[in-house]
Protein chains: 2
Amino acid sequence: MNPSQRGAAVPKGAEPLPSRLASVRAELAAGGIDALLVTSAANTRYLTGFSGSNSLLVVSHDRAVLLTDFRYRTQASTEVASVVEVEIEGTSLWTRLWSVLRGLSGAKQLAFESTHLLHSDYQRLTDAGARWSWRPTSGIVEALRQRKDPTELAHIRRSVAVAESALAQTLPEIRAGVTELEVGARLEAALREHGSKAHPFETIIASGERAALPHARCSARELKSGDLLIVDFGATTAGYCSDITRTFVVGRASDQQRDAYDIVREANASASAGVRAGMRGRDADAIARDYIERQGLGPEFGHSLGHGIGLEVHEAPRLSKTSDAVLTAGAVVTIEPGIYREGWGGVRIEDDVFLGPDGPEVLTTFPRGLMELGAA
Amino acid sequence: MNPSQRGAAVPKGAEPLPSRLASVRAELAAGGIDALLVTSAANTRYLTGFSGSNSLLVVSHDRAVLLTDFRYRTQASTEVASVVEVEIEGTSLWTRLWSVLRGLSGAKQLAFESTHLLHSDYQRLTDAGARWSWRPTSGIVEALRQRKDPTELAHIRRSVAVAESALAQTLPEIRAGVTELEVGARLEAALREHGSKAHPFETIIASGERAALPHARCSARELKSGDLLIVDFGATTAGYCSDITRTFVVGRASDQQRDAYDIVREANASASAGVRAGMRGRDADAIARDYIERQGLGPEFGHSLGHGIGLEVHEAPRLSKTSDAVLTAGAVVTIEPGIYREGWGGVRIEDDVFLGPDGPEVLTTFPRGLMELGAA
């Protein structure tokens, strides 16, 4: 009805999936692994195009076989790249898996995704799948996913634009007397109208003293004049997420609110400007954390600075005080410092930042100045 | 703004959590287990009241200790029952876990939830946690959760009522020319306005040939006159889910559509009337499946009949052709037969049914007759 027109067009180009499979195969060859069992839905989507929620994917050196169930027959036929074989199973994907593996000539050393396999399914590997040798791996596909190609970056730009358009459409309806749930309803409807295919996480609308809860979702609480209001939300387009937070004041802001806001805004700005590919996650985190600590508010910033976004709303790399991971060029990360005081509220400002070859590019364009909503 | 007033009031009564912990402890005692590590968020909520997404819970014979992080400090203090100790950890819940376990005098034989623990976390147990003996378990808490107490049933009734009110509010806006995403936007906004705290799963709005995809979510497709339209959605109130599907025709229904609809409606009605506590899941499934097969449409009903709902939208018991599980008295299950034809569309009718002491009670009251929407 009112699709946002902002956001770059998605470039057309060569099908990227064969090169992704080739990268996985190079990793397998380096590790002496004959085939990888992929159980992460996001990794499966990245390698095959399939967006269903129930599948097993086997990637060997010369084949890629996707197993899914009846419900996804049509979807798989339209989504999955031609380089991937699709098998539809009516009863048990796991039983079918053994027959697929028996069909891989000479496959002995297999690998699985340790961070995406439940212990109960791991027991299947060591029980019914005991004729193969299984090695836990982690991060093979996730490492590839950090570096976004131009098509992926265009999807994320579009997802950011959809989210920002939805927020802009919602703001005029926010005033004292409206509940958090109503704000969430308006915002989520606007996200849909602008083309978001799914809500990448539960929308957080946290007002007043509830703004002290970093993960507060929505409640029936009515906004009051003088409230801080944290809005943390995102869009999904073509599977790619955005993740944005803005903090507002309902009515007129107090000096104390302005002071806290300015500190978070400065922490956000310095981290967004200073984050670089090649830096460790902990060093990115420190840009914002050191600043907030110098203001004497270190204990009030109790979470990490940010995380990668892409096919998942939380993916590698992590920007936290314990992360030694080196930030990959081409990653898109959130920069989301915040401060929280029990009984008073909180402030968080979150942007999505592309770690480009020429330095960081802040994809989020929504204004960061303190806005007073519904003030008379 | 417009909260639905339907649904029974939630009964006040004794705090149920201590008796739930006592039931778990009885299971542990029977198995010679000193303590259970609970990693399922839904199981944790059931036992403690905590609704956060990051926690570890230890239940021993005389203590229950919940570990969570800074973000949930305030939330944990308001939600968690007094019988549970709460520890807030700033860095790693797992590191903190070892110190909690060392504080359990004499604890040697520990158990973990095999279906809720990733292999990578299982490796923590056998590595840093190797001083204890770890046994995989499954379904200890889930078995308790099947039998809903009066408070839980009241929450589910309310969640059904919220979903039905939202659907009723949305129907007048559905007509040819509106997109699936717009229908989803209206429905989700209405769910919020009626008090749903979260969307328990991605709303499915599947029209025309997309109605042949049982898990189609929403697309930018515009509804056309003559389309079948599947709407599969739910509400969440106090953590408890509803899950409802209705199928409509946009404009005038054809005879072929009516024939298919009538078959699914009859399958739904006979299964809803015939399902009983004490029956095996496969026998419940067979009520609908046998009927559809007698109409010669067996291959078009390619998924299971239903599943339990509660704190999760998919929980025990399963009603499927392979399920030997006996349906527990007090469970709430979905009854959702459907038929799907590629290129033509599909029909699914899903109700939520309480398996009460006097037989099944269908909680869903939304009409099941074929409705033609937006017809001139």
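Residues numbered from 1 in each chain as written. Chains lettered and ligands numbered in written order. Predicted model: local features only at pLDDT ≥ 70, side-chain atom pairs only at ≥ 80, totals over all residues. Heavy atoms only, no water.

A. The overall build of chain A, seen in detail. Per the secondary structure count, chain A includes 10 helices and 19 strands. Taken against the 2.2 N^0.38 rule, which gives 21 Å for 376 residues, the C-alpha radius of gyration of chain A at 23 Å falls within 12% of a compact globule. Along the first, second and third principal axes, the C-alpha atoms of chain A reach 75 × 45 × 40 Å. With 376 residues in all, chain A has 59% of them scored as buried. Across chain A, every contact between residues at least 6 apart in sequence was considered, and the portion connecting residues at least 24 apart equals 68%. Positive and negative charge centroids in chain A, built from 41 and 47 side chains respectively, lie 3 Å apart. (Helix = DSSP H or I, 4+ residues; strand = E, 2+ residues; numbered from the N terminus. Rg over C-alpha atoms; globule rule 2.2 N^0.38 Å. Buried < 20%, exposed > 50% of the residue type's maximum accessible area, 1.4 Å probe, protein only. Contact = heavy atoms within 4.5 Å. Lys, Arg positive; Asp, Glu negative; His and termini not counted. Charge placed at Lys NZ, Arg CZ, Asp CG, Glu CD.)

B. Layout of the environment of Tyr 72 of chain B. If you trace the backbone, Tyr 72 of chain B turns up in the loop between β3 (64–69) and α3 (73–79). With relative accessibility at 2%, the residue Tyr 72 of chain B sits in the buried group. A sequence separation of 19 residues divides Tyr 72 of chain B from Ser 53 of chain B, and the C-alpha atoms of the two residues are 9.0 Å apart. Among all residues touching Tyr 72 of chain B, those that are not within four sequence positions of it are His 215 of chain A together with Phe 50, Gly 52, Ser 53 and Asn 54 of chain B.

C. Quick peek at the domain arrangement of chain A. Residue and element names in this part refer to chain A. As assigned here, chain A comprises domain 1 (17–144) and domain 2 (149–373). A straight line from the C-alpha centre of domain 1 to that of domain 2 covers 35 Å. In this complex, domain 1 contributes four residues to the contact, which on the side of domain 2 involves seven residues. Carbon and sulfur atoms supply 55% of the area buried between domain 1 and domain 2, which totals about 490 Å² over both sides. Of all residues in domain 1, Arg 20, Ala 42 and Arg 45 bury the most surface against domain 2, accounting for 65% of the area lost on that side. (Domains from an automatic or database assignment. Buried area = accessible area lost by both parts, 1.4 Å probe.)

D. Seen up close, the pairing of strand β16 (residues 345–348) of chain A. Because side chains alternate across β16 of chain A, one face comprises the buried residues Gly 345 and Val 347 of chain A, and the other comprises Gly 346 and Arg 348 of chain A, equally buried. Connecting the antiparallel pair strand β15 (residues 338–341) of chain A and β16 of chain A is a turn made up of three residues, with Gly 343 of chain A showing a positive phi of about 85 degrees. (Pairing = 2+ DSSP bridges.)

E. Spatial organisation of the sheet that holds strand β6 (residues 133–137) of chain B. Residues and elements named next belong to chain B. The strand order across the open sheet built from six strands is β4-β3-β2-β1-β5-β6, with neighbouring strands paired in mixed fashion. In this open sheet, the two edge strands, each paired with only one partner strand, are β4 (85–89) and β6. Direction aside, neighbouring strands of the sheet carry axes that sit 25 degrees apart on average. Alignment of β3 against β4, held across five bridges, turns out to be parallel. By the bridge assignment, Thr 68 is partnered in β4 with Ile 88. (Axes fitted to C-alpha atoms, helices over the stretch in contact; angles between N-to-C directions.)

F. Structural view of the interface of chain A and chain B. Between chain A and chain B, the residue contacts involve 50 residues of the former and 50 residues of the latter. Of the roughly 4300 Å² buried where chain A meets chain B, counting both sides, 57% is carbon and sulfur surface. Joining chain A to chain B, the criterion identifies four salt bridges. Between Arg 192 of chain B and Glu 188 of chain A there is a salt bridge, with the nearest N and O atoms lying 2.6 Å from each other. (Salt bridge = Lys/Arg side-chain N within 4 Å of Asp/Glu carboxyl O.)

G. Representation of the environment of Leu 57 of chain A in the model. Residue and element names in this part refer to chain A. Relative to the helices and strands, Leu 57 is located in strand β2 (residues 55–60). Residue classification places Leu 57 among the buried residues on the basis of a relative accessible area of 0%. Linking Leu 57 and Val 24, residues 33 residues apart in sequence, is a C-alpha distance of 13 Å. Not counting chain neighbours up to four residues away, the residues in contact with Leu 57 comprise Leu 36, Leu 37, Val 38, Thr 44, Leu 47, Thr 48, Val 65, Leu 66 and Val 84.

H. Geometry of the relation of the copies chain A and chain B. Once turned by 180 degrees and shifted 0.0 Å along the axis, chain A lies on chain B with an RMSD of 0.0 Å. The superposition of one copy onto the other is thereby described by a two-fold rotation axis. Residue Leu 118 of chain A, judged by its C-alpha, is the member of chain A lying nearest the rotation axis, at 2.1 Å. When you check the interface residues of chain A against chain B, 100% turn up at the interface there too, and the contact is symmetric in its surfaces. (Least-squares fit on C-alpha atoms with pLDDT ≥ 70 in both.)

I. Spatial organisation of the pattern of salt bridges. With the rule as written, the count across this model stands at 56 salt bridges over all chains. Glu 312 of chain A is the partner of Arg 145 of chain A in a salt bridge, and the nearest nitrogen-oxygen pair spans 3.0 Å. Of the two residues, Arg 145 of chain A is situated in helix α6 (residues 140–146) and Glu 312 of chain A in the loop between β12 (306–308) and β13 (315–319); the sequence distance between them amounts to 167 residues. For Arg 145 of chain A, a relative accessible area of 2% puts it in the buried group. Judged by relative accessible area, which is 29%, Glu 312 of chain A ranks as partly exposed. Here Glu 372 of chain B and Arg 252 of chain B are joined by a salt bridge, their closest N and O atoms 3.0 Å apart. Pair noted here: Glu 372 of chain B is in strand β19 (residues 372–373) and Arg 252 of chain B is in the loop between β11 (244–250) and α9 (255–274), with a separation of 120 residues, a long-range link. Given a relative accessible area of 26%, Glu 372 of chain B falls into the partly exposed group.

J. Up close: the sheet that holds β11 of chain B. Residue and element names in this part refer to chain B. Strand order in the open sheet formed by four strands is β7-β8-β11-β19, and the pairing between neighbours is mixed. With one partner strand each, in any of the chains shown, β7 (204–207) and β19 form the two edges of the open sheet. As defined by bridge partners, β11 adjoins β19 across two bridges and the pair is classed as parallel. The residue of β19 that forms the bridge with Val 250 is Leu 373. In the packing of helix α8 (residues 180–193) onto the sheet, the strands contacted are β7 and β8 (228–233), and the crossing angle to β7 comes to about 150 degrees.

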